[in-house]
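Letter by letter, the chains look like this.
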Amino acid sequence: MITYLRKRIITAILVIIVSLSINFMLVHLAPGNPISLIAGKDNPSPEMVAALTEKYGLNDPIYIQFFKYIGTLLKGDLGYSLINNEPVIKLIAEKMGPTLLLALTGLILAVVIGTALGIYAARHKGSPFDVVMNGISYLFDSTPGFWLGLMLILVFASLLKWLPTAGMVDLRASHTGFAYVLDVLLHLILPLLTVVLSQIPYFFRIARSSVIQVMAEDFITTLRATGMKEGRIFRKYVFKNAILPTVTVFGLSLAYVVAGVAIIEIVFSWPGTGKLLMDAIMKRDYPLLMGVYLILSVSIAVCMILVDVIYSMIDPRIRHNEKG
Amino acid sequence: MNVKRNRMRARVTNTLQVINSITQLKIGLCLLAVIILLALFAPFLAVYDPFALNDDLLAPPGSQYLLGTDGLGRDVFSELLYGARTSIFIGVVAAAISGVLGTLIGGLSGFYRGKLDSVLSEFVNVFLMLPTFFLILLIVALFGSSMLNVMLVIGVTTWTGNAVLMRAQAMSLRERTYVKSLQSIGVSKFKILTKHIIPNGIFPIIANTTMNISGAILTEAGLSFLGLGDPNLVSWGQMVFHGKSYLVNGWWISTFSGFAIVVTVLAFYLIGDGLNHVLSPKLRDIK
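Residues numbered from 1 in each chain as written. Chains lettered and ligands numbered in written order. Predicted model: local features only at pLDDT ≥ 70, side-chain atom pairs only at ≥ 80, totals over all residues. Heavy atoms only, no water.

Note the threshold: UniProt positions are given in the numbering used here, feature names are shortened, and annotations may be inferred rather than shown by experiment.
Under an unreviewed UniProt entry, the name given to chain A is Peptide/nickel transport system permease protein, and the organism recorded is Brevibacillus centrosporus. Word for word, the UniProt comment on chain A under Subcellular location (unreviewed entry) is "Cell membrane". Listed in UniProt under the heading Sequence similarities (unreviewed entry), the comment for chain A reads: "Belongs to the binding-protein-dependent transport system permease family."

In structure tokens:
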């Protein structure tokens, strides 16, 4: 288990180093000179050029620049946003809350519902429920999240007028306390539904195929031969084995969902990192764009390690196998 | 001659039987055939020039404009037809790039083993963890959003799945007797890899590449939706984005263009999944 974890942690550290290098390289390889990229103007004033050259040490050899860049990052300095000249890290921190609220709730709901449906479908393989659910899962897998969001707005907000179209709170109402929470929840429904619907097929299919696979194993047949009840076999043996792949992909999806909700946030004008990202793209705010990318890739690496730790603890095959 | 023809016929019937026995494959191929025909004959089917602006802004679907017009008076149906060309072209080329890269890297890694394999495998592991969509977004934002850039970037960032598959294939094939015999008679390693290992192990990569076409089409649509598509092309993602502003009084713009994305992605997805089922009898049971 230790060996396995050590291997994974090395990979994660490499991921962080590669992400940093990609970030660094992109600025230096992008068309135009890095100063105008960082400054956000084609013709920055000579004072600005001098100041930025000094700050980023652009006259130094490239490898020294790289170490300097890592140095400033380690101090928590991701540079300044060009739009409102605030530190990038501050802007991202402010927007992370709504994003996490949407991504985490969405993912947890999707895992629970998707896995439950998948298990049910697997235990009734070939039934009408199974066939229909399979079809639906293909369909939702092929649906871009942003379009699904728009269609939900069209039906539930524009036509039926049941739910608000955009934002996180009703700005005109200025609610406080419980009413505020309720208002946020009301605004959360549609974006959340979008995230959940686009994630369910994934967990549905993983749960379904791993249950079917485990059910076909020889030891299950043996248990059946001993006359053990189906329900008991499932609870005691199938479930434990079949849930492992879901745990693995949960960590992966956590990171991807945080990234993936960005587009959905834009559709719903949800005030999270997605909105920030859209502004950054529209106004070509490179420091901000790269800051978002960097934070995301580092958090993905961290998430993966956490999942690996949990995974190695619950899977006895890894726990007891030193070679992992 | 006759024997040859009979054998050909037998092969065709066999292929047809396989296609027919796998529902996903059957539906996917039918959908794709329709889409490709529509895209091929776009110039004949499109009633209007997809770029032509006219005064009928936001005309609802009807007899004059089959699927209505958008906020600038362009005919939605004609735009959809030309958009199919963009989506399919970008999807196929991007997936092909990722297929070739993945096959080469995975093949080298699995066939040569040793140090090269450790380095390449670690490389793949690291790449698997990078947030691909964001990376693509960043590169396209920095380097410009021409169609070529979009295809290249998608291709270069999504090959890891293929590499993992090809590596496994190469590792199992290199233990086969015929590969060992080739080695013993002195055929060069590189020749064995390109002439025998890759051709014999390519099938799962073909299935996966078909799935990757779906992914690439979705990625391109996402980029276009974010305003990072090629501005000189008709693209479904851009249409959905355009329609977003007219959701209330021009619902048809986003609805139809998004629906086109879903159908096309679904077609490739079903074909890829179907091919996977052809390949693995184990999966055939799961269905």
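**Some remarks on the overall build of chain A**
To be explicit about the condition: Each helix is a run of DSSP H or I of at least 4 residues and each strand a run of E of at least 2, with the numbering of both proceeding from the N terminus. Burial here depends on accessible area, computed with a 1.4 Å probe over protein chains only, as a share of the maximum for the residue type. Under 20% is buried, over 50% is exposed, and the range in between is partly exposed. Any two residues having at least one pair of non-hydrogen atoms within 4.5 Å are treated as being in contact. Per-residue and other accessible areas were derived by the Shrake-Rupley procedure at a 1.4 Å probe size, with only the shown protein chains allowed to occlude residues.
Scanning chain A from terminus to terminus reveals 14 helices and zero strands. Listed N to C, the secondary structure of chain A is α-α-α-α-α-α-α-α-α-α-α-α-α-α in terms of helices and strands. Sorting the 324 residues of chain A into buried and exposed places 47% on the buried side. By sequence separation, contacts in chain A at least 24 residues apart represent 72% of the contacts at least 6 residues apart. Carbon and sulfur atoms make up 69% of the accessible area of chain A, which totals about 16,100 Å².

**Notes on the interface of chain A and chain B**
For clarity, the cut-off: Take a side-chain nitrogen of Lys or Arg and a carboxyl oxygen of Asp or Glu: if they are within 4 Å of each other, that pair is a salt bridge. Between N or O atoms, a polar contact is any pair within 3.5 Å; within protein, one atom must be a potential hydrogen donor and the other a potential acceptor, and residues adjacent in sequence are included only when both atoms are from side chains.
Contacts between the two partners involve 54 residues from chain A, matched on the other side by 44 residues from chain B. For the pair chain A and chain B, the interface holds zero salt bridges. Seen at the junction of chain A and chain B, the total is five residue pairs in polar contact (both at pLDDT 80 or more). Listing elements by their share of the side of chain A that touches chain B, those giving two or more residues are helix 1 (2-29), helix 6 (128-141), helix 7 (145-159), helix 8 (177-215), helix 11 (244-267), helix 12 (273-282) and helix 13 (286-314) of chain A.

**Here's the deal with the confidence of the model for chain B**
All names here are of chain B. Definition in use: The predictor rates its confidence in each residue with pLDDT, a number between 0 and 100.
Per-residue confidence for chain B gives a mean pLDDT of 85, with 97% of residues at or over 70. Model confidence for chain B, summarised as mean pLDDT per element, is weakest for helix 14 (residues 281-286) at 51 and strongest for helix 4 (residues 76-112) at 92. Confidence metrics for the complex model read pTM 0.86 and ipTM 0.85.

**A few points about the packing of helix 6 of chain A against helix 13 (residues 251-279) of chain B**
Quick reminder of the rule: With axes taken as lines fitted to C-alpha atoms, and helix axes fitted only over the stretch in contact, angles between N-to-C directions fall between 0 and 180 degrees. Here roughly perpendicular refers to angles of 65 to 115 degrees, roughly parallel to angles under 35, roughly antiparallel to angles over 145, and oblique to all remaining angles. It is the rotation of the near helix from the far one that decides the hand of a crossing: anticlockwise by less than a right angle makes it left-handed, clockwise makes it right-handed. Side-chain classes are defined by residue name, with Ala, Val, Leu, Ile, Met, Phe, Trp, Tyr, Cys and Pro counting as nonpolar, Asp, Glu, Lys and Arg as charged, and the others, Gly among them, as polar.
Put simply, helix 6 of chain A and helix 13 of chain B touch, their axes get as near as 8 Å, and they point 125° apart. With respect to helix 13 of chain B, the element helix 6 of chain A is oriented oblique. Considering how the two elements wind past one another, helix 6 of chain A and helix 13 of chain B form a crossing that is right-handed. Taking contact as the criterion, the partners of Tyr138(A), Leu139(A) and Asp141(A) in helix 6 of chain A are, on helix 13 of chain B, Val262(B), Leu266(B), Tyr269(B), Leu270(B) and Asp273(B). Residues belonging to the contact of helix 6 of chain A with helix 13 of chain B are distributed by class as follows: six nonpolar, no polar and two charged.

**Re unusual backbone geometry**
Phi at Ser269(A) takes a positive value of approximately 45°, unusual for a residue other than glycine. Secondary-structure assignment places Ser269(A) in the loop between helix 11 and helix 12. Despite not being glycine, Arg113(B) shows a phi value in the positive range, around 50°. By secondary structure assignment, the location of Arg113(B) is in the loop between helix 4 and helix 5 (114-129).

**Here's the deal with the side chain of Glu265(A)**
Residue and element names in this part refer to chain A. Definition in use: Charge assignment in this entry is limited to Lys and Arg as positive and Asp and Glu as negative, and neither His nor the chain termini are counted.
Within the fold, Glu-265 resides in helix 11. Buried and unpaired, Glu-265 has no salt bridge, with Lys-95 as the nearest side chain of opposite charge at 8.9 Å. The contact partners of Glu-265, leaving out residues within four places of it in the chain, are Thr-99, Leu-102, Trp-270, Gly-272, Thr-273, Gly-274 and Lys-275.

**Things to note about the UniProt feature "transmembrane region" (unreviewed entry) in chain A**
Residue and element names in this part refer to chain A. Mapped onto the present numbering, the UniProt feature "transmembrane region" (unreviewed entry) falls at residues 9-30, 100-122, 143-164, 184-204, 242-268 and 288-311. The span residues 9-30 is 95% helix and 0% strand, and its two end C-alpha atoms sit 31 Å from each other. Taken end to end, residues 184-204 is 100% helix and 0% strand, and its first and last C-alpha atoms sit 29 Å apart.

**Some words on the packing of helix 2 (residues 23-40) of chain B against helix 4 of chain B**
All names here are of chain B. Their axes nearest at 8 Å, the elements helix 2 and helix 4 cross at an angle of 115°. Regarding the angle of helix 2 to helix 4, the classification is roughly perpendicular. Classified by chirality, the crossing of helix 4 by helix 2 is left-handed. Contacts from Ile-35, Ile-36, Leu-38, Ala-39 and Leu-40 of helix 2 reach helix 4 at Leu-81, Ala-84, Arg-85 and Ile-88.

**A few points about the nonpolar core**
Definition in use: Take the buried Ala, Val, Leu, Ile, Met, Phe, Trp, Tyr and Cys residues and link them wherever side-chain atoms come within 4.5 Å; each set so joined is a nonpolar core.
Among the nonpolar cores identified, the biggest contains 133 residues, and Phe146(A), Leu277(A), Leu289(A), Phe134(B) and Leu137(B) are the most heavily contacted of them. Top contributing element to this core by residue count: helix 13 of chain A, with twelve residues. Look past the residues within four positions of Phe134(B) in its chain and what remains in contact with it is Ala259(A), Ala262(A), Leu277(A), Val292(A), Tyr293(A) and Leu296(A). By size, the runner-up hydrophobic cluster in this structure holds 13 residues, among which are Val214(A), Ile220(A), Phe234(A) and Val238(A).

**Let's talk about the pattern of salt bridges**
Residues and elements named next belong to chain A. Evaluated as defined, the whole model comprises ten salt bridges over all chains. In this structure, Glu-94 engages Lys-90 in a salt bridge whose closest nitrogen and oxygen atoms are separated by 4.0 Å. You can see Glu-94 and its partner Lys-90 sitting in helix 5 (residues 88-123), four residues apart, about one turn around the helix. Among the residues examined, Glu-94 registers a relative accessible area of 46% and is labelled partly exposed. It is possible to trace a salt-bridge network through shared partners that takes in Glu-86, Lys-90 and Glu-94.

**Quick word on a nonpolar patch on the surface**
Residue and element names in this part refer to chain B. Selection criterion: What makes a patch is a set of residues exposed beyond 30% relative accessible area and free of salt bridges, joined within 9 Å when like-charged and within 5 Å when nonpolar (Val, Leu, Ile, Met, Phe, Trp, Tyr).
A cluster of nonpolar residues, Val-34, Ile-36, Leu-37, Leu-38, Leu-40, Phe-41, Phe-44 and Leu-45, forms a patch on the protein surface that exposes about 770 Å² of accessible area. Of all elements in the fold, only helix 2 and helix 3 (42-45) reach the threshold of two or more residues within the nonpolar patch. Here the nonpolar patch gets five residues from one element, more than from any other, and that element is helix 2. One can find Phe-44 in helix 3.

**Quick look at the packing of aromatic side chains**
Rules: We call Phe, Tyr and Trp rings a pair once their centres come within 6.5 Å, taking the six-membered ring for Trp, and we label the pair stacked below 30 degrees between planes, edge-to-face above 60, and tilted otherwise. Charge-over-ring placement is defined geometrically: NZ (Lys) or CZ (Arg) within 6 Å of the ring centre, and within 35 degrees of the ring normal.
Following the criterion strictly, the structure yields 13 aromatic pairs over all chains and no others. Consider the rings of Phe234(A) and Phe239(A), whose centres lie 6.2 Å apart with planes at 55°: the pair is tilted. Classification of Phe239(A) as partly exposed rests on a relative accessible area of 35%. Where Trp251(B) meets Trp252(B), the ring centres are 5.7 Å apart and the plane angle is 80°; that geometry is what we call edge-to-face. Accessibility expressed as a relative area gives 35% for Trp251(B), which makes it partly exposed. A relative accessible area of 5% means that Trp252(B) is categorised as buried. Site record: aromatic cluster; members linked through ring pairs are Phe146(A), Phe225(B) and Phe241(B). When the ring centre of Phe111(B) is taken as origin, the NZ or CZ atom of Lys189(B), which lies over that ring, is 5.7 Å away.

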